[in-house]
Amino acid sequence: MSEENIAAKKKPAKAVRTGWWLASLCGLAVLLSGATCRQSVSQAAPPAAPFTIVMLPDTQHYSRRYHELFMAQTEWIKENRDKENIVFVTHVGDLVDGHKQGTNQWVVANQAMSVLDGVVPWGVTIGNHDFDNAACRPDQATAFLQYFGPQRFRGYSWFGGASTNGLNTYQLFSGGGIDFVILHLEMDIPDFAIDWAKDVLRTHPMRAAIITTHSYLNGVTSTNGYNRDVSKWGNSAMNVWNKLIRDHPQIFLVLCGHHQLTVAYHQVSTNDAGARVIEMLADYQKLHNGGDAWLRLLRFDPVKGEVQTRTYSPALKEFKTDPKNQFVVPLDIPACCRQTKSVNSTP
């Protein structure tokens with residue numbers, strides 16, 4: 001073979017070696033500069049992790065006498081936030097027992113609930129004992145508004161807003177890839193509060209909705225499970241169902257307390273869209289020590305499509321395992337609120 005042909009065959013090899021060396025050098029420069037090459041790909045989202053909403057039943061006797069039990073509840077929530085994946089805490093009302101006159105009780109309630117500040121989003125609804133007096137007039141709730149009014153929460157991004165009288169609030173949070181709005185509505189939910197709630201739902205049409213209100217279910221001496229007793233300022237539970245819940249398919253869960261003789265009760269109703277609405281009552285104030293710090297853990301499992309309900313006492317360090325306090329109910333996230341997400345992948 002001639003020297004000319006040999007030289008001709010060597011040139012491509014040299015070019016390849018030179019190209020490889022330059023590419024490697026450029027790659028090293030990219031790595032040293034901290035730059036990355038990203039590619040956005042659409043793929044199935046990973047299975048949604050279970051998460052927990054904590055329900056605090058009536059704490060009135062803890063504020064009045066058993067202060068350490070109230071503190072035990074919120075301290076346990078703080079310590080177990082990550083373990084239980086707690087995304088929200090809702091109090092069903094009757095923070096105190098003594099109305100406006102129970103000044104020290106408000107201090108105790110404030111101290112206990114303040115444990116959650118900066119830890120997890122939370123909200124409270126006003127109970128009959130939280131009004132200034134037994135009349136439960138919507139315009140007489142000065143102590144509640146002083147300690148738990150909208151001004152307390154305005155610095156938090158998850159706080160949505162309040163009605164003009166400050167007794168109805170809503171909060172925004174997410175869990176398991178689902179966006180939620182929770183409304184804390186005043187005792188017996190008067191018509192103006194129902195109208196306000198409807199406005200909130202219209203403003204957040206893609207969020208699954210939860211309602212916490214103090215008195216709603218009875219389950220013992222009631223019609224269709226609903227409480228029939230009502231103040232002259234508000235609506236009966238059946239009216240609340242008919243005026244608000246049944247024709248708003250966003251609402252899939254209603255929580256309440258108040259009825260101490262019932263203690264624990266739940267039912268699953270069907271709204272006008274044919275979807276299931278979970279309705280749940282818990283009130284342990286008539287038990288030992290005003291309730292022994294029992295609280296509700298609602299563990300949402302989007303993959304299984306269920307809510308696993310447990311009742312736990314941080315003071316006793318045990319669970320209630322009877323069917324009224326430990327049960328599973330189907331989870332129907334409203335169709336308008338279901339999400340399919342794209343995931344950005346970085347190779």
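Everything below is about the structure shown above.
Residues numbered from 1 in each chain as written. Predicted model: local features only at pLDDT ≥ 70, side-chain atom pairs only at ≥ 80, totals over all residues. Heavy atoms only, no water.

Caption draft 1: Local environment of the pattern of salt bridges. Under the definition given, this model contains nine salt bridges. One salt bridge connects R202 with D199, and the closest N-O pair in it is separated by 2.2 Å. With R202 and D199 both in helix α7 (residues 191–203) and three residues apart, the pair spans about one turn of that helix. Taking the relative accessible area as the measure of exposure, R202 reaches 57% and is therefore exposed. On the basis of relative accessible area, D199 is assigned to the partly exposed category, the value being 40%. Of the charged contacts, one joins R276 and D332 as a salt bridge, the two residues approaching to 3.0 Å between their closest N and O atoms. You can see R276 sitting in strand β11 (residues 276–282) and its partner D332 sitting in the loop between β15 (327–330) and β16 (344–345), a full 56 residues away along the chain. (Salt bridge = Lys/Arg side-chain N within 4 Å of Asp/Glu carboxyl O. Helix = DSSP H or I, 4+ residues; strand = E, 2+ residues; numbered from the N terminus. Buried < 20%, exposed > 50% of the residue type's maximum accessible area, 1.4 Å probe, protein only.)

Caption draft 2: Representation of the side chain of N235 in the model. Looking at the secondary structure, you find N235 in the loop between β8 (208–213) and α8 (237–245). Residue classification places N235 among the buried residues on the basis of a relative accessible area of 6%. Of the polar contacts made by the side chain of N235, one reaches the side chain of K243; its length is 2.7 Å. Sequence-distant contacts of N235, that is, excluding residues within four places in its chain, are made with D188, I189, P190, D191, I194, V230, V240 and K243. (Polar contact = N/O pair within 3.5 Å; in protein donor to acceptor, adjacent residues only side chain to side chain. Contact = heavy atoms within 4.5 Å.)

Caption draft 3: Structural context of the pairing of strand β5 (residues 159–162). Across three bridges, β5 lies against strand β6 (residues 169–175) in antiparallel orientation. Bridge assignment links G161 to a residue of β6, and that residue is Y170. Adjacent in sequence and paired antiparallel, β5 and β6 are bridged by six residues, among which G166 carries a positive phi angle near 80°. (Pairing = 2+ DSSP bridges.)

Caption draft 4: Region of interest: the sheet that holds β8. With respect to topology, seven strands assemble into an open sheet ordered β5-β6-β7-β8-β9-β11-β10, the strand pairing being mixed. Both edges of this open sheet fall to β5 and β10 (264–270), since each of them pairs with a single strand only. Here the strands of the sheet are splayed against their neighbours by 20° on average, with no regard to which way each runs. The sheet contact formed by strand β7 (residues 178–185) and β8 spans six bridges and is parallel. Note on β8: the bridge partner recorded for I182 is I210. (Axes fitted to C-alpha atoms, helices over the stretch in contact; angles between N-to-C directions.)

Caption draft 5: How the structure looks around the nonpolar core. In terms of nonpolar packing, the biggest core is built from 38 residues, with I77, V89, L95, M113, W122, F144 and F148 touching the most fellow members. If you list the elements that add at least two residues to this core, you get β2 (51–56), α3 (67–79), β3 (86–91), α5 (103–114), β4 (122–124), α6 (142–148) and β12 (295–301). Formed by 29 residues, the second largest nonpolar core is a distinct cluster that contains F173, F252, A264 and L331. (Core = buried A, V, L, I, M, F, W, Y, C linked by side-chain atoms within 4.5 Å.)

Caption draft 6: Main features of the packing of aromatic side chains. Counting across every chain of the model gives 19 aromatic pairs. Here the aromatic residues W106, W122, F144, Y147, F148, F153, Y156, W158 and F159 are joined through ring pairs into a cluster of three or more. The ring of W294 has K320 sitting right over it, with the charged end atom 4.7 Å from the ring centre. (Phe/Tyr/Trp six-rings, centres within 6.5 Å; stacked < 30°, edge-to-face > 60°. Lys NZ or Arg CZ within 6 Å of the ring centre and 35° of its normal.)

Caption draft 7: How the structure looks around unusual backbone geometry. We note that D94 has phi near 60°; this positive angle belongs to a residue other than glycine. With respect to the element layout, D94 can be found in the loop between β3 and α5. Positive phi is not limited to glycine here, since I189 has a value of about 35°. Tracing the sequence through the fold places I189 in the loop between β7 and α7. For I189, a relative accessible area of 2% translates into the label buried.

Caption draft 8: How the structure looks around the environment of P302. On the secondary structure map, P302 appears in the loop between β12 and β13 (306–313). A sequence separation of 30 residues divides P302 from D332, and the C-alpha atoms of the two residues are 9.2 Å apart. Contacts of P302, omitting those with residues within four sequence positions, involve A48, A49, P50, F51, G176, I178 and L331.

Caption draft 9: Representation of α7 in the model. Its 13 residues give α7 an end-to-end C-alpha distance of 19 Å, which sits within 8% of 18 Å, the value for a rise of 1.5 Å per residue. Within the span of α7, buried status applies to A193, I194, W196, A197, V200 and L201. Viewed end-on, α7 has its buried residues packed into an arc of 160°, placing them on one side of the element. With respect to the buried face of α7, the exposed residues turned more than 90 degrees away are R202 and T203. Taken together, the buried residues of α7 touch β5, β6, β7, β8, α8 and β9 (251–256). (Expected span 1.5 Å × (residues − 1). Arc of directions from axis to C-beta.)

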